[in-house]
Amino acid sequence: MGFIMVHKTEKQERSGREVLDTIELSLKKLTEQVTTNNVSTPIIPIRKRESDDTRELYKALHTAQRAFKGVEKSGFINGRNIPYAKINDLVDASRAALHANNLVVSTYHVTNIGNATLVTRLYHFPSGQFIESELPLLNGSDEQKRGSSVTYAWRYTYAPLIGLVDTSYDDDGEVTKK
């Protein structure tokens with residue numbers, strides 16, 4: 001069984017796309033490793049991101065989406081007085097409709113080779129069907145930043161996964177251009 005050696009040369013800021021590309025490359029290398037008898041076996045099993053059949057789940061989600069409430073915006077961006085939707089605002093707008101249609105959302109952490117990700121899963125319990133959304137978390141020793149990363153990832157995996165539209169203020173980067 002082979003191992004991948006990872007070493008850090010210097011600390012660099014990376015974009016989200018670069019982080020995802022690195023993760024995808026690492027997973028590809030893991031799945032290409034070959035044992036001594038030339039049978040391909042991954043060291044870490046690849047987790048399924050959705051069930052083989054998702055028809056019943058999407059049927060239930062379609063009905064739930066029609067019953068979603070408007071998203072309240074109880075948060076404010078520091079120093080700019082710009083409202084945004086916190087995770088509890090997103091959950092409040094969708095939980096009752098999801099439950100009424102036998103849909104449950106759960107969130108958990110996955111750690112592979114020292115990198116943590118937040119996984120949000122939508123599960124239709126009568127059929128056992130599911131779909132997932134995943135986002136890498138900040139890694140490091142600063143727990144405050146890690147906590148912020150978890151909250152951010154939770155919001156940005158939850159709403160797109162269930163098709164909840166958050167109409168929070170979006171200036172398309174105009175504030176940062178000034």
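Up top you'll find the structure we're talking about.
Residues numbered from 1 in each chain as written. Predicted model: local features only at pLDDT ≥ 70, side-chain atom pairs only at ≥ 80, totals over all residues. Heavy atoms only, no water.

### Things to note about the packing of helix α3 (residues 87-100) against helix α4 (residues 143-162)
Our working rule: A fitted line through C-alpha atoms represents every axis, and for helices the fit uses only the stretch in contact; the resulting angles, taken between N-to-C directions, go from 0 to 180 degrees. Helix and strand labels come from DSSP, where a helix needs a run of H or I of at least four residues and a strand needs a run of E of at least two; each type is numbered from the N terminus. Any angle between 65 and 115 degrees counts as roughly perpendicular, while under 35 counts as roughly parallel, over 145 as roughly antiparallel, and the rest as oblique. Two helices that cross are described as forming a left-handed crossing if the nearer one is turned anticlockwise from the farther one by less than a right angle, and a right-handed crossing if clockwise. We call two residues contacting when some pair of their heavy atoms lies within 4.5 Å. As a working rule, the residues Ala, Val, Leu, Ile, Met, Phe, Trp, Tyr, Cys and Pro are called nonpolar, Asp, Glu, Lys and Arg charged, and the rest polar, with Gly in that last group.
α4 packs onto α3 with a crossing angle of 30° between their chain directions and a minimal axis gap of 10 Å. Taken together, the axes of α3 and α4 lie roughly parallel to each other. The chirality of how α3 crosses α4 is left-handed. In this structure, α3 contributes Ile87, Leu90, Val91, Ser94, Arg95 and Leu98 to the contact, and α4 contributes Trp154, Arg155, Tyr158, Ala159 and Ile162. Tallied by class, residues from the contact of α3 with α4 come to eight nonpolar, one polar and two charged.

### Concerning the pattern of salt bridges
Stated formally: A side-chain nitrogen of Lys or Arg and a carboxyl oxygen of Asp or Glu constitute a salt bridge if their distance falls within 4 Å. For each residue, the accessible area found with a 1.4 Å probe, counting protein chains only, is set against the maximum for its type, and the residue is called buried under 20%, exposed over 50%, and partly exposed in between.
With the rule as written, the count across this model stands at four salt bridges. Glu56 is paired through a salt bridge with Lys59; the nearest N and O atoms lie 3.1 Å apart. Of this pair, Glu56 and Lys59 both sit in helix α2 (residues 55-66), three residues apart, which is roughly one turn of that helix. Overall, Glu56 belongs to the partly exposed group, its relative accessible area being 35%.

### Describing the packing of aromatic side chains
By convention here, two paired aromatic rings are described through the distance between centres and the angle between planes. Put simply, the test is: Aromatic pairs are defined between Phe, Tyr and Trp rings, using the six-membered ring for Trp, whenever the two ring centres lie within 6.5 Å; interplanar angles under 30 degrees are classed as stacked, those over 60 as edge-to-face, and all others as tilted. In this scheme, the term charge over a ring applies when either NZ of a lysine or CZ of an arginine sits within 6 Å of the ring centre and within 35 degrees of the ring normal.
Applying the stated criterion to the full structure yields one aromatic pair. Between Arg121 and the ring centre of Phe130, over which it is positioned, the NZ or CZ distance is 3.8 Å.

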